[in-house]
Amino acid sequence: MSLIRWTPRTEQELFGRDPIFSRLFNLVDIDSFGGNSERTWCPPMDLVEEKDRLLAHVELPGIDPKSVQVSLQGDLLMIQGERKEEHEETQGKYLRREHAYGSFQRSVQLPYHVQADKVKAQYKNGIMTIVLPTAEEQVGRQILVEVEK
Amino acid sequence: MLTNWTMPGDRLVSELANERGTATEVVVPRVDVVDEGDAYQLIVEMPGVSKDLLSVHLEAEALLLRGVRKAIAAECLLKNGRRADLPFEARFTLGADVDRGKIRARIEDGLVYVKLPRREEDKPRKIEVEIG
């Protein structure tokens, strides 16, 4: 018997790379029918590949970026934090509440290694962009292929 | 009173349609509506929309909010993402108690805040009861 390191299940394990199911998973996971803040919700994410870096764009409107924790465990990128209620301290009462509040978590398996010590994040217009420079061995790596005659 | 005639189900259909790259579809954003007594507050999610790509129109009976999130180059996308600009649209029917001349909107961190003050005569007020 061997020990296997446990890692959280990612949506890719569940649905592969199908964007439709991935999107459906995001939408269903967000409690839009009552705003139960006890549950963890899952923000939508786009993963973008550029020449020498990956960009993860995570939709987090109205969030305090300091409350977001970004971590890398091997090639697994994890984003977690909490979105606080807008009106918990006011006299107002909700007539309609569709936003997801409370703890959120999102993870994605990166397609290749990145330079963990050079990962940066910025927040603009409600989108958190995580910049992940590709590990040097991945950039411009030439693979020699022997051709049989 | 303030009503919104779109439902969460509409959003699901719209977002799935967007994944298929049909640029004519729009996303109905998630909305919180708060009654603050002397005003209604709308908080509309439009992540990725900048101030210059947001428009707020007051029509005869409704308030229309439109925003656009710019697309990511299709050849770069590994996961999710849009093949076209992502348009958001939310329409609210305004009740007679909303003071149309005092509506204010601002956008901050992907959230559009719209303040809809109640007309003075429609604001909740305390009525003194005389004991005779």
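Going by the structure above, here's the rest.
Draft legend 1. Structural view of the overall build of chain B. Helix and strand counts for chain B stand at one helix and nine strands. Going from the N terminus to the C terminus, chain B shows its helices and strands as β-α-β-β-β-β-β-β-β-β. Each of the 132 residues in chain B was classed as buried or not, and the buried ones make up 48%. Taking all contacts inside chain B whose residues are at least 6 apart in sequence as the whole, residues at least 24 apart take part in 53%. Entry remark: accessible area of chain B is about 6800 Å², with carbon and sulfur atoms responsible for 53%.

Draft legend 2. Main features of the overall build of chain A. The secondary structure content of chain A amounts to two helices and eight strands. For chain A, the succession of helices and strands along the chain, N to C, is α-α-β-β-β-β-β-β-β-β. In chain A, which comprises 149 residues, the proportion classed as buried is 42%. Within chain A, counting contacts between residues at least 6 apart in sequence, those at least 24 apart form 55% of the total. Summed over all atoms, the accessible surface of chain A reaches about 9300 Å², with 48% contributed by carbon and sulfur.

Draft legend 3. Quick look at the layout of surface pockets. Residue and element names in this part refer to chain A. In this structure, the largest pocket encloses a volume near 360 Å³. If you list the elements that add at least two residues to the lining of the largest pocket, you get strand S2 (53-59), strand S7 (120-124) and strand S8 (127-133). A class-by-class count of the residues in the lining of the largest pocket yields five nonpolar, six polar and four charged.

Draft legend 4. Broad picture of the environment of Glu128 of chain B. Within the secondary structure layout, Glu128 of chain B lies in the segment after strand S9 (111-117). For the pair formed by Glu128 of chain B and Leu42 of chain B, sequence separation is 86 residues and the distance between their alpha carbons is 32 Å.

Draft legend 5. Up close: the pairing of strand S4 (residues 76-83) of chain A. All names here are of chain A. Among the eight residues that make up S4, six are buried, leaving the element largely enclosed by the rest of the structure. In terms of strand pairing, S4 meets strand S6 (residues 102-109) through eight bridges, oriented antiparallel. Residue pairing for S6: Leu77 is matched across the bridge by Val108.

Draft legend 6. Layout of the side chain of Glu45 of chain B. Locating Glu45 of chain B in the fold gives a position in strand S3 (residues 39-45). Under the relative-accessibility criterion, Glu45 of chain B is labelled buried at 8%. Polar contacts involving the side chain of Glu45 of chain B include one to the side chain of Arg83 of chain A, which spans 2.7 Å. The contacts of Glu45 of chain B, once residues within four sequence positions are left out, are Pro61, Arg83 and His99 of chain A together with Pro29, Arg30, Phe88, Gly110 and Leu111 of chain B.

Draft legend 7. Spatial organisation of the environment of Val34 of chain B. Residue and element names in this part refer to chain B. Within the secondary structure, Val34 sits in strand S2 (residues 31-35). Since its relative accessible area comes to 0%, Val34 is described here as buried. As for Val34 and Gly48, which are separated by 14 residues in sequence, their C-alpha atoms are 23 Å apart.

Draft legend 8. The sheet that holds S6 of chain A, seen in detail. Residue and element names in this part refer to chain A. Read from one edge to the other, the open sheet built from three strands follows the order S3-S4-S6, with strand pairing classed as antiparallel. Here the strands that pair on one side only, and so sit at the sheet edges, are strand S3 (69-73) and S6. Taking each pair of neighbouring strands and ignoring which way they run, the sheet shows an average axis angle of 15 degrees.

Draft legend 9. Expanded view of the sheet that holds S9 of chain B. Pairing within the open sheet is antiparallel, and its five strands lie in the order S5(A)-S2(B)-S3(B)-S9(B)-S8(B). Unpaired on one side and paired on the other, strand S5 (93-97) of chain A together with strand S8 (104-108) of chain B mark the two borders of the sheet. When the angles between neighbouring strand axes are averaged without regard to direction, this sheet yields 15 degrees. Two elements, S2 of chain B and S3 of chain B, share five bridges in a ladder whose sense is antiparallel.

Definitions and cut-offs
Residues numbered from 1 in each chain as written. Chains lettered and ligands numbered in written order. Predicted model: local features only at pLDDT ≥ 70, side-chain atom pairs only at ≥ 80, totals over all residues. Heavy atoms only, no water. Helix = DSSP H or I, 4+ residues; strand = E, 2+ residues; numbered from the N terminus. Buried < 20%, exposed > 50% of the residue type's maximum accessible area, 1.4 Å probe, protein only. Contact = heavy atoms within 4.5 Å. Areas by Shrake-Rupley, 256 points an atom, 1.4 Å probe, with all protein chains shown as cover. 1 Å grid on protein atoms, 1.4 Å probe; cavity = no way out; pocket = protein on both sides within 12 Å on 5 of 7 lines; lining within 4 Å. Points joined across faces, edges and corners; volume = space filled by probe spheres on them. Nonpolar A, V, L, I, M, F, W, Y, C, P; charged D, E, K, R; others polar. Pairing = 2+ DSSP bridges. Polar contact = N/O pair within 3.5 Å; in protein donor to acceptor, adjacent residues only side chain to side chain. Axes fitted to C-alpha atoms, helices over the stretch in contact; angles between N-to-C directions.

Limitation: the analysis is restricted to geometry and does not speak to function.
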